[in-house]
Every structure is written in C-alpha cells, then in structure tokens.
Amino acid sequence: MREQLPFFVYGTLRPGGRYHDAYLRGRTRSAHPARLAGAVLYDGPGYPYAVEEPGGGGVRGELVTVPVDAYDELLAELDRLEEYVPGDPCSLYLRVEREVGRDADGAAVRAWVYVAAPAVAERLRADGRIVEGGDWRAHR
C-alpha cells in the first residue's frame, strides 16, 4: 500500500472556491492553513497555477488530510479535475510531492501539490500575471 499524503490546495478547491463543495466538503479529516515556499502563483482562466520558482514568494493554501477509505477515489477525482495524467505531456498540471509549511506550528509536511506542467509554466513565466501575495482567495 502506498503512503497516503495530504493534499495542498491553493485555488478553487479551498473553502469558498468553486470546486470545494463538490470535491472536498464532508470528505476530509482536517484542513490547516499552510504555505508552499519556492513557488509563485499565477492567474489562470478562472483558476490559479502554482509555478515552482526557487526563491519565489510562496503560495497560500490549505493542507487537507483525507480518510484512508476515501483516499484513492478522491486522488483519482482530483487528478481528473486538474487534468493530470502521469506521463502525458498534454497535462495542464503535474502532481508532485513537496514539503509544505503548516501555519499553526511551522511544521514541514510532505503533501501532494498540483503545479503547472512545464509547457504551461513556461508560457506563464513569459506573459502570465502573478497573483501578488500568493493568495488566490485574497485575489478574487
């Protein structure tokens, strides 16, 4: 059995976001404010992209844990939502394992994070609009 990492959500899956109720409400064990360092948040077409950038200002979000019995189903649903297919160069996002800092105690927690796929990240770096402060909720 593979390790079931929490998810770091930073956009439409956060509370109040367009997809939170459909995908996460009532399906999580816990959610804690957290920050992904070394990344920049870009404004996308109605949703954000986290782009990994050494020294980037960071991305604000929530660290979400999921009950064991719901994990595999939710992981598959989130992969579909984020248009992530392992090994597919047409994916909009990549699901990567990263350390995320939990706000409450500063603990570094390994989590799944959906970041912009390389081709998307390249386009955003060239002419995308950065979300100042890295907080999608504050931006909307």
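Our structure's up above, just so we're on the same page.
None of these values were measured; they are calculated from a predicted model. (Residues numbered from 1 in each chain as written. Predicted model: local features only at pLDDT ≥ 70, side-chain atom pairs only at ≥ 80, totals over all residues. Heavy atoms only, no water.)

Looking at this structure, how should I read the sheet that holds strand β6 (residues 93-102)?
As a general point, the strands of a sheet are linked pairwise by backbone hydrogen bonds and lie either parallel or antiparallel. One closed barrel accounts for five strands, arranged β1-β5-β2-β6-β7; its pairing is mixed. Going from strand to strand, the sheet's axes swing by 50° on average, the running direction of each strand aside. Across three bridges, the pairing between strand β1 (residues 7-9) and strand β5 (residues 59-65) is antiparallel. Note that in β5 the partner of Val 9 across the bridge is Glu 62. The strands touched by helix α2 (residues 68-81) are β1, β6 and β7 (108-116); relative to β7, the strand with the most contacts, the crossing angle is about 30°. (Pairing = 2+ DSSP bridges. Helix = DSSP H or I, 4+ residues; strand = E, 2+ residues; numbered from the N terminus. Axes fitted to C-alpha atoms, helices over the stretch in contact; angles between N-to-C directions. Contact = heavy atoms within 4.5 Å.)

What is the right way to read the side chain of Asp 135 from this model?
Relative to the helices and strands, Asp 135 resides in the loop between β8 (129-130) and α4 (136-139). From its side chain, Asp 135 meets the backbone nitrogen of Arg 137 in a polar contact 3.0 Å long. In contact with Asp 135, not counting residues within four places along its chain, are Arg 14, Leu 41 and Arg 60. (Polar contact = N/O pair within 3.5 Å; in protein donor to acceptor, adjacent residues only side chain to side chain.)

Which parts of the structure should I look at to understand the pattern of salt bridges?
Oppositely charged side chains can form a pair if their charged atoms are brought close together. All chains considered together, the criterion is met by 12 salt bridges. Here Glu 62 makes a salt bridge to Arg 14, at a shortest N to O gap of 2.6 Å. Separated by 48 residues along the polypeptide, Glu 62 in strand β5 and Arg 14 in the loop between β1 and α1 (20-23) bring together distant segments of the chain. Among the ionic pairs, Arg 137 bridges to Glu 62, the shortest N-O distance being 4.0 Å. Note that Arg 137 is positioned in helix α4 and Glu 62 in strand β5, a separation of 75 residues in sequence. In this structure Arg 137 comes out as partly exposed when scored by relative accessible area, which is 41%. One connected set of salt bridges, linked through shared partners, spans Arg 14, Glu 62, Asp 135 and Arg 137. (Salt bridge = Lys/Arg side-chain N within 4 Å of Asp/Glu carboxyl O. Buried < 20%, exposed > 50% of the residue type's maximum accessible area, 1.4 Å probe, protein only.)

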